[in-house]
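So the chains spell out like this:
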Amino acid sequence: LPYPFITTNHKFASQLQSMTHTISMKKHNKSKKDTTKNPQPIATAEVKNSTNDSSSLSLATRLKRERGTASTTPLPPEWSRSTGNNAKYLTPDDGDDFHSCLKECYRGFVYENPNEIPQSIHHAYFSLFKGLNDSGLFLYDVVQPGGKKLSLTFVTRTLVGDPGSTYKYLGLRLFSHPWCDVDENGDGRVIEGELSCLGTTLVKLGYSKQCARALIETGLVNKKVISHTNKVLQTDIAPFVKNGLVGSADYSLTLINKMEPFRRKKDLKNEAIHGLGKTSVSWHKDSGLQDFSSIAVYHNLQDINGRRTNELDDKMVPWKVALRVADANTRTPALSISLPSGSLYYLLDDFNHRHEHAVISGSDSLRYSSTHRVARDGAGTWKYIREKCKIVLSNSLCAEILNALREQRTTSLTNYEKTPERKMLVKEVRSCHQLMTEIEFEWIRQWYIQGKHHSELHCYWVKPIAYLEDIFVQLENVISHVNSILETSSTSKIGAVTEDLFDVTIEEIENRKKLTIEWENRVKDSIFKTLKPNERPLPCDVLDKSNMIHSSIVRQWRKGFMSIENSTGDRSNSSKRKARDKTSGLTKREKKRVASNWEKLRKNL
């Protein structure tokens, strides 16, 4: 296997579980909404000592306790001059009105002009944009907005970040290129030395030297952007929030876009609501980010030949950043802001909670933008799914069955015949099913749908995907063995089998079948015929060879099992037995729904 094989070590599994255990905390009362239209700095309150030392809590926990979540963040106040002002949007040319609206309703949007930024940062971005572009890393994405119709993005993009990070948007998982050296497990590795010494492990993975250098430059400039953002947070946000507690700016990835101007990209659509012009990126909030985390965006304009430009020609339509309050009933106008090439702008703290942004296309220049973000902790990283695989395959069920298969012997799970062990068996079978589903639909299918060219570019991910495919096969072997025991229990009594074990199996199989149908329809979509052959979905041998049993067969086994269970000491009359036999193929949840529907029908009658 590409990475160290997972050992069936129960002690290791329990250690991992204790490491990932989190302490639940009582919710605190929400702070009252600040309705002041011109917020004044809040004096930092002295925090009293308590039994729970807040310094030991994570930033995310402290933010949730003191400031709530993204969903509970109040909308910004209405613009004080909205009455009598019918403007759909404002620009800096609107003078005092623009600055008034920006201050009252768009706190958190801050931008730095190019002359405020060190030349070293400008040089680094120009170099890395060129390196990534020359390496062919910018690709169009086939996304599924709202889980419905597939569409091709209007911009090409690539994701760079912490090794093993991903970013999921509009139904598609983007796999990142690492911006630092990696160790044998695929985790980040610190190597001291000059830039020329860095990236050697990326070259060994298959990246070209030019590409590896560009990726390393991205990681280095990200550190500088983090430092800049933290300074801006302390001056522009901390004085206005409770206890000066601001969200994270420890950016873990950056989504880098390459956008063509509307005179070259003829299929761009007009922004219909405010009449802002041709839209390269339509209205949206950035998703999958930590609550209250900031976003930093550096943008650079170049002519078609890759030379820097500032769009000084009056005949050229400039690129613009558009902002609006995320409320259909707001009377606050949107903002449209043209920024010079080399600007760095921020969506600070809770700005992304209650605002949306868009990118309005320019007429002639190419636009590169690097959008630095703080991804949510947990699901969505190689390290997360790798550790989850270790935990699940270390449970006693997987250990017993996989060892039996290796030794070519049978096992009937006789050590699960007591009530506590039977309950544990149900949990372990469920965890196997759920991990299979997650690996298939959140990782393997997400990888293969993006085509051969994508896999050739993402050298880092070839081994992790192969590893996950192997784990999928092992889990399938475990589940297949459990299914054979369920089949046997339909004709003879087996102490380890219960109704709940059947129900978990039926529910998970049907869920996976539903997702399979959705993905099969997705892969057949005609949009893929418009792509180059090497950009179309790839077949996956592991999934093609998978032999998923139909839930109707398991339901028949359940009927046989229930017949044996009910035959022991059953003195009920024949009519009750027949009624029970009719529902013996249903899960407990389904039986409750049937009973509930019957009660509703009786009331209506």
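Residues numbered from 1 in each chain as written. Predicted model: local features only at pLDDT ≥ 70, side-chain atom pairs only at ≥ 80, totals over all residues. Heavy atoms only, no water.

> Describe in detail helix α4 (residues 119-134), supporting the description with residues and values.
A turn of α-helix holds 3.6 residues, and therefore any two residues three or four places apart point the same way. For α4, spanning 16 residues, the distance from its first C-alpha to its last is 23 Å, which sits close to the expected 22 Å at 1.5 Å a residue. Those residues of α4 hidden inside the fold are in contact with β5 (156-161), α6 (209-236), β9 (253-259), β12 (295-302) and β17 (366-373). (Helix = DSSP H or I, 4+ residues; strand = E, 2+ residues; numbered from the N terminus. Expected span 1.5 Å × (residues − 1). Contact = heavy atoms within 4.5 Å.)

> Tell me about the pairing of strand β15 (residues 343-347), residues and numbers included.
Summarising burial for β15: 5 of the 5 residues are buried, a large majority. Across 5 bridges, the pairing between β12 and β15 is antiparallel. If you follow Val297 over to β15, its bridge partner there is Tyr345. (Buried < 20%, exposed > 50% of the residue type's maximum accessible area, 1.4 Å probe, protein only. Pairing = 2+ DSSP bridges.)

> Explain the side chain of Glu217 to me, using residue names and the numbers behind them.
Positionally, Glu217 belongs in helix α6. No salt bridge is formed by the buried Glu217. Its closest oppositely charged neighbour is Arg213, at 4.1 Å. Not counting the four nearest positions on each side in its chain, Glu217 is found in contact with Ala124, Ser127, Leu128 and Leu195. (Lys, Arg positive; Asp, Glu negative; His and termini not counted. Salt bridge = Lys/Arg side-chain N within 4 Å of Asp/Glu carboxyl O.)

> Any details on the layout of surface pockets? Residues and values, ideally.
The calculated volume of the second largest pocket comes to roughly 890 Å³. Leu170, Ser280, Val281, Ser282 and His284 are, among the 40 residues lining the second largest pocket, the residues nearest its centre. The element best represented in the lining of the second largest pocket is strand β11 (residues 278-284), accounting for 6 residues. (1 Å grid on protein atoms, 1.4 Å probe; cavity = no way out; pocket = protein on both sides within 12 Å on 5 of 7 lines; lining within 4 Å. Points joined across faces, edges and corners; volume = space filled by probe spheres on them.)

> Requested: an account of the environment of Val594, with residues and values cited.
Secondary-structure assignment places Val594 in helix α17 (residues 588-604). Considering only alpha carbons, one finds Val594 and Thr583, 11 residues apart in sequence, at a separation of 9.4 Å.

> How would you summarise unusual backbone geometry if you had to cite specific residues and measurements?
If you check the backbone angles, Gln408 has positive phi at about 55 degrees while not being a glycine. The residue Gln408 is located in the loop between α9 (396-406) and α10 (419-448) in this model.

> A description of the pattern of salt bridges should follow, citing residues and the corresponding values.
Counting across every chain of the model gives 27 salt bridges. One salt bridge in this structure joins Asp134 and Lys130, with 2.7 Å as the shortest N-O distance. One end of the pair is Asp134 and the other is Lys130, both in helix α4 and 4 residues apart, which spans about a single turn. By relative accessible area, Lys130 is classed as partly exposed at 47%. Notably, a salt bridge pairs Lys591 with Glu499, separated by 3.7 Å at the nearest N-O pair. One end of the pair, Lys591, is in helix α17; the other, Glu499, is in helix α13 (residues 499-523), with 92 residues separating them in the sequence. On the basis of relative accessibility, which here comes to 26%, the residue Lys591 falls in the partly exposed class. Ionic contacts of the salt-bridge type, sharing partners, join the residues Asp187, Arg386, Glu387 and Lys390 into one network.

> Please set out the side chain of Arg324 residue by residue, giving values where relevant.
Within the secondary structure, Arg324 is located in strand β13 (residues 320-325). What makes Arg324 buried here is its relative accessible area of 17%. A polar contact is formed between the side chain of Arg324 and the side chain of Glu356, at a distance of 2.8 Å. (Polar contact = N/O pair within 3.5 Å; in protein donor to acceptor, adjacent residues only side chain to side chain.)

> Give a description of the pairing of β12 that names residues and reports values.
Most of β12 sits inside the fold, with 8 of its 8 residues counted as buried. Going residue by residue along β12, you find Ile295, Val297, His299 and Leu301 tucked away on one face and Ala296, Tyr298, Asn300 and Gln302 tucked away on the opposite face as well. Relative to β17, β12 is paired through 7 bridges, and the arrangement is antiparallel. Bridge pairing in β17 links Tyr298 to Ser370.

> With reference to specific residues and values, describe the packing of α9 against α10.
Geometrically, a packed helix pair is captured by the angle between its two axes and the distance between the axes. Two numbers describe how α9 lies on α10: the axes approach to 9 Å, and their chain directions differ by 75 degrees. As the angle between them shows, α9 and α10 are arranged roughly perpendicular. Along its contact with α9, which presents Ser396, Leu397 and Cys398, the element α10 presents Leu425, Glu428, Val429 and Cys432. Residues of the contact of α9 with α10, tallied by class, amount to 5 nonpolar, 1 polar and 1 charged. (Axes fitted to C-alpha atoms, helices over the stretch in contact; angles between N-to-C directions. Parallel < 35°, antiparallel > 145°, perpendicular 65-115°, else oblique. Nonpolar A, V, L, I, M, F, W, Y, C, P; charged D, E, K, R; others polar.)

> Any chance you could break down the sheet that holds strand β10 (residues 269-270) for me, citing the residues and the numbers?
The 6 strands lie next to each other as β1-β14-β13-β16-β11-β10, forming an open sheet whose pairing is mixed. Since the sheet does not close on itself, it has two edges, and those belong to β1 (89-90) and β10, each with one partner. Together, β1, β13, β14 (334-337) and β16 (355-360) form the strand contacts of helix α3 (residues 96-105), whose direction differs from that of β14 by roughly 115 degrees.

> Which residues make up the nonpolar core, and what values do they have?
Counting residues in each nonpolar core, the largest one holds 94 residues, and the members touching the most others are Leu397, Ile439 and Leu475. Ile439 has contacts with Ile385, Cys389, Ile444, Leu468, Ile471, Phe472 and Leu475, leaving out every residue within four places of it along the chain. Core analysis: the next-biggest nonpolar cluster, separate from the first, contains 37 residues, Leu159, Leu255, Leu335 and Tyr345 among them. (Core = buried A, V, L, I, M, F, W, Y, C linked by side-chain atoms within 4.5 Å.)

Any link to function would need more than the numbers given here.
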